[in-house]
Every structure is written in structure tokens, then in C-alpha cells.
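Breakdown of the fold
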Amino acid sequence: LAGAELDRADHYVAARDRWIDSVPDIKGGLPIIRGTRITAHSVGARVEAGDSLDEIAAENPDLPREAFEAAALYAKAHPLTGRPTNLPR
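Cut-offs used in this document
Residues numbered from 1 in each chain as written. Predicted model: local features only at pLDDT ≥ 70, side-chain atom pairs only at ≥ 80, totals over all residues. Heavy atoms only, no water. Helix = DSSP H or I, 4+ residues; strand = E, 2+ residues; numbered from the N terminus. Contact = heavy atoms within 4.5 Å. Axes fitted to C-alpha atoms, helices over the stretch in contact; angles between N-to-C directions. Parallel < 35°, antiparallel > 145°, perpendicular 65-115°, else oblique. Nonpolar A, V, L, I, M, F, W, Y, C, P; charged D, E, K, R; others polar.

**Some remarks on the side chain of histidine 41**
Along the chain, histidine 41 falls in helix α2 (residues 40–48). Those residues in contact with histidine 41 that lie beyond four places of it in its chain are Pro31, Tyr74, Ala75, His78, Pro79 and Leu80.

As C-alpha cells, then:
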């Protein structure tokens with residue numbers, strides 16, 4: 001049972017290391033898709049709002065779908081800290 005989960009974790013770590021970067025001068029150091037200004041958390045928010053990874057990847061044809069998968073998984077595994085922005089008023 002653990003073999004499949006370990007394979008998924010290894011795949012995530014490899015994709016994260018390949019595609020997710022943090023550069024202090026870009027977006028204040030937020031995690032981004034390497035070589036872009038697209039934050040991992042913006043991809044995660046779009047997926048949570050109902051956009052598919054295929055739709056997001058189609059808007060960025062120069063990047064593979066794997067980059068957006070890694071970003072969405074990163075955002076889910078590492079939520080932003082601080083006050084939530086969607087509090088009811």
C-alpha cells in the first residue's frame with residue numbers, strides 16, 4: 001500500500017524541484033513556476049475556483065502541464081499563512 005504513495009511523493013518532489021522556485025526579487029519571494037511570474041498559490045486558487053489544469057496550461061502553451069500540477073500541489077501542501085482574504089463581511 002505504501003509503495004504507490006511513496007511513488008506519488010517522489011514524483012511530487014521531483015516536479016517541485018524542477019518547476020517551483022523562490023526568488024526574492026520576483027513577487028516578494030513567493031513560490032513561482034520557474035522562469036515565470038506565475039505564483040504557485042495563484043494556480044492553486046484557480047484550481048480551487050474550478051479551473052482545470054488543462055485550461056490553465058492552454059493559456060500558457062510554453063509551459064508543460066506538469067509545471068501547473070506541481071504548482072497546484074505545492075499550494076495545497078504549503079498554504080499561505082496569515083489572515084484569510086475571503087472572510088465574510
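**Some remarks on the environment of alanine 40**
Among the secondary structure elements, alanine 40 is positioned in helix α2. Taking the C-alpha atoms as reference points, alanine 40 and alanine 58, separated by 18 residues in sequence, lie 17 Å from one another. In contact with alanine 40, other than residues within four places in its own chain, are Ile20, Pro31, Ile32, Ala71, Tyr74 and Ala75.

**Topic: the packing of α2 against helix α4 (residues 65–77)**
At a minimum axis distance of 7 Å, the contact between α2 and α4 shows a crossing angle of 90 degrees. Between α2 and α4, the angle falls in the class roughly perpendicular. Note on element contacts: α4 touches α2 through Phe68, Ala71, Ala72, Tyr74 and Ala75, opposite Ala40, His41, Val43, Gly44 and Val47. Classifying every residue of the contact of α2 with α4 gives eight nonpolar, two polar and no charged.

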